[in-house]
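Spelled out, the chains give:
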Amino acid sequence: MFPQWKLIFQKIRINNLIIILFGVLFVALVVGFMGDSCVVDNFTITNEISSYEKSLDPELCENILEKIDYYNDMCISEIEILDCG
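Residues numbered from 1 in each chain as written. Predicted model: local features only at pLDDT ≥ 70, side-chain atom pairs only at ≥ 80, totals over all residues. Heavy atoms only, no water.

Caption draft 1: Examining the side chain of Glu48 more closely. With respect to the element layout, Glu48 can be found in helix α2 (residues 37-55). Residue classification places Glu48 among the buried residues on the basis of a relative accessible area of 19%. Beyond its immediate chain neighbours, meaning those up to four positions away, Glu48 contacts Ile64 and Lys67. (Helix = DSSP H or I, 4+ residues; strand = E, 2+ residues; numbered from the N terminus. Buried < 20%, exposed > 50% of the residue type's maximum accessible area, 1.4 Å probe, protein only. Contact = heavy atoms within 4.5 Å.)

Caption draft 2: Broad picture of the state of the cysteines. In the structure shown here, the tally under the stated rule is 2 disulfides. The disulfide bridge from Cys38 ends at Cys75, spanning 2.0 Å between sulfur atoms. Across the disulfide from Cys38 to Cys75, rotation about the S-S bond amounts to roughly -90°, and the bridge is consequently left-handed. Of this pair, Cys38 sits in helix α2 while Cys75 sits in the segment after α3 (58-74), and the two are 37 residues apart along the sequence. A disulfide bridge connects Cys61 with Cys84, and the sulfur atoms are separated by 1.7 Å. Linking Cys61 and Cys84, the disulfide has an S-S dihedral of approximately -80° and is accordingly described as left-handed. (Disulfide = S-S within 2.5 Å.)

Written out as structure tokens, the structure is:
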């Protein structure tokens, strides 16, 4: 084989290896973040609580209470129950 072709094939192999490594890293990060849904749920509930404090909508409060109950059952940390009264 010609020396020029060897250099071209080496570059292609290195580029493919880099693309594969970045793909594996991306998949690992996505699985890592999606695997721990308690963090995402906590963030979502906290944002909904701040929305409720601004609007004081009783229906929204009931929805948040259901999410808090589910979160407290499924996750180690607990969120304080809201008083919708």
